[in-house]
Amino acid sequence: MKNLLILGCGWVGEELARQLKKKGWNLWVTTRTEEKYHRLQGDGIFAFIHDFNRDLNLDLPVDVSFDAIVNSIPATQKSTEAEIEHRFSHVFNVLCSLNYKKHIFLSSVGVYPDQDGNFDESFVEEELMSPKLRMAEKKMMSLPYSSTFRLGGLFGKERILAKYFQDKVVHIGDQPSNFIHLDDVVGIIEQSLDINLPTGYYNLVAPEHPSKKEVILKSAQKYMFSYPRSFEPINSYQKLVNSDKIINLLNYEFKYPSPLDF
């Protein structure tokens, strides 16, 4: 039976834990909320309340060897660089104390600059990338057996793009969508756990990039949300993020290749 640790069990982590539990994995997860702690415990998942902003030691059973660790501790833009450095120093120290074979850190395609261009993992112009996200990525990539998955805008289930733009003026409609469905994130992670994943960076976005305007209007129609009041483009840069590297490695077939189908 395989053992998986999920650090910072957010939306992706919780869905991944449920899917792998069905497949017989042993799951350990950390969360900051009591509500999620009790919900996960009720599903037979070993949950721990832990806040990496302040808690130093994670009280895991020391004799467990983890087949993989999925790390979704966020490096949010709302945090200062000092807060991110503090948080990921704690994460780093915890991971250094554990025995594991594979570590996947979940980052964001927001690491790439908001400008015209087709961005893949070969882009290394540090001065143009998000300094906060890069700080977290580099700290986590300094650990052994580590890879970083850069996720596109995450949607699916109750997270529907049109919901956030009802009766509003939309300024981003002309931009291409670099989105991915929750089911595909979980599917890619699951397949990555089953192979000898080469360490490195991987983009996770749906292969099709309709405009955000198209996606908003289609999802408003599909889920019966109010349409935006108007579309008034500002900063209409054409930023396309390419995920061919992980698709080709896994021979992965997307359940939702276009955000128009979310």
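Parameters and conventions
- Each chain has its residues counted from 1, following the order in which its sequence is written.
- Under the rules for a predicted model, residues below a pLDDT of 70 receive no local features and side-chain atom pairs below 80 are neither given nor counted, while totals for whole chains, interfaces and linings still include all residues.
- In computing side-chain properties, one takes all heavy atoms of the structure into account and sets aside hydrogens as well as water.
- Helix axes use the C-alpha atoms of the stretch in contact, all axes being lines fitted to C-alpha atoms, and the angles between their N-to-C directions lie in the range 0 to 180 degrees.
- Only DSSP runs of H or I with at least four residues qualify as helices, and only runs of E with at least two residues qualify as strands; both kinds are numbered from the N terminus onward.
- To sort the angles, those under 35 degrees are grouped as roughly parallel, those over 145 as roughly antiparallel, those from 65 to 115 as roughly perpendicular, and the leftovers as oblique.
- By the definition used in this description, the sense in which the near helix is turned from the far one sets the handedness, with an anticlockwise turn below a right angle giving left-handed and a clockwise turn giving right-handed.
- Whether two residues are in contact is decided by their heavy atoms: any pair within 4.5 Å suffices.
- Gly counts as polar in this scheme, as do all residues outside two lists: the nonpolar Ala, Val, Leu, Ile, Met, Phe, Trp, Tyr, Cys and Pro, and the charged Asp, Glu, Lys and Arg.
- Whenever a nitrogen or oxygen atom comes within 3.5 Å of another N or O atom, the pair is scored as a polar contact, on the condition that within protein one atom can donate a hydrogen and the other can accept it, and that pairs from neighbouring residues in sequence are kept only if both atoms are in side chains.
- Summary of the burial criterion: residues with accessible area below 20% of their type's maximum are buried, those above 50% are exposed, and those between are partly exposed, where the area comes from a 1.4 Å probe applied to protein chains only.
- Residues grouped as a nonpolar core are buried Ala, Val, Leu, Ile, Met, Phe, Trp, Tyr and Cys residues, joined through side-chain atoms within 4.5 Å.
- Throughout this description, the term salt bridge denotes a Lys or Arg side-chain nitrogen within 4 Å of a carboxyl oxygen of Asp or Glu.
- When DSSP finds two or more bridges between two strands, those strands count as paired.

Engineer: Pulling in residues and values, what's your account of the packing of helix α3 (residues 81-96) against helix α4 (residues 131-141)?
Structural biologist: Contact geometry for α3 and α4: axes closest at 10 Å, N-to-C directions at 15°. It follows from the interaxial angle that α3 and α4 lie roughly parallel. Every pair of crossing elements has a handedness; the one defined by α3 and α4 is right-handed. Each of E81, I84, E85, F88, S89, V91, F92 and L95 in α3 lies in contact with α4, whose residues at this interface are P131, K132, M135, A136, K139 and M140. Of the residues that constitute the contact of α3 with α4, the class distribution is 9 nonpolar, 1 polar and 4 charged.

Engineer: Any details on the environment of S130? Residues and values, ideally.
Structural biologist: Of note, S130 is situated in the loop between β8 (117-119) and α4. As for S130 and I189, which are separated by 59 residues in sequence, their C-alpha atoms are 24 Å apart. Each residue touching S130, except ones within four places of it in the same chain, is listed here: Q77, G110 and V111. Among the polar contacts listed, one links the side chain of S130 to the backbone nitrogen of L133, at a separation of 3.3 Å.

Engineer: Tell me about unusual backbone geometry, residues and numbers included.
Structural biologist: Its identity is not glycine, yet Y145 carries a phi of approximately 60°, on the positive side. Tracing the backbone through its elements, the reader meets Y145 in the loop between α4 and β9 (146-151). For Y145, a relative accessible area of 52% corresponds to the exposed category. One non-glycine residue, M224, lies in positive phi territory at about 60°. Residue position: M224 is located in the loop between α6 (212-223) and β14 (230-231).

Engineer: Please provide a residue-by-residue account of the nonpolar core, values included.
Structural biologist: Ranked by internal contacts, the top residues of the largest apolar core, which has 36 residues, are L4, I6, F149, I188, I189, L204 and I246. With 6 residues, helix α5 (residues 182-193) is the largest single contributor of residues to this core. Sequence-distant contacts of L4, that is, excluding residues within four places in its chain, are made with L16, L20, W25, N26, L27, W28, F66, A68, I69, V70 and L193. Formed by 33 residues, the second largest nonpolar core is a distinct cluster that contains F52, V94, L95 and Y112.

Engineer: Provide a residue-level description of the pattern of salt bridges, including the pertinent values.
Structural biologist: Throughout the structure, instances matching the rule amount to 16 salt bridges. Between R18 and D43 there is a salt bridge, with the nearest N and O atoms lying 1.9 Å from each other. Linking R18 in helix α1 (residues 11-22) with D43 in the loop between α2 (34-42) and β3 (46-49), this pair joins segments that are 25 residues apart in sequence. Assessed through its relative accessible area of 25%, R18 is described here as partly exposed. A residue is classified by how much of its surface remains accessible, and D43, at 35% relative accessible area, is partly exposed. Each of the salt bridges in this network shares a partner with another, and the network as a whole consists of E14, R18, E35, K36, R39 and D43.

Engineer: Describe the sheet that holds β3, with residues and values.
Structural biologist: The 7 strands lie next to each other as β3-β2-β1-β5-β7-β9-β13, forming an open sheet whose pairing is parallel. The outermost strands of the open sheet, each flanked by one partner alone, are β3 and β13 (200-204). Within this sheet the neighbouring strands show an average axis-to-axis angle of 20°, counted without direction. Contacts from α2 reach β2 (26-31) and β3 within the one sheet, and its direction differs from that of β3 by about 165°.

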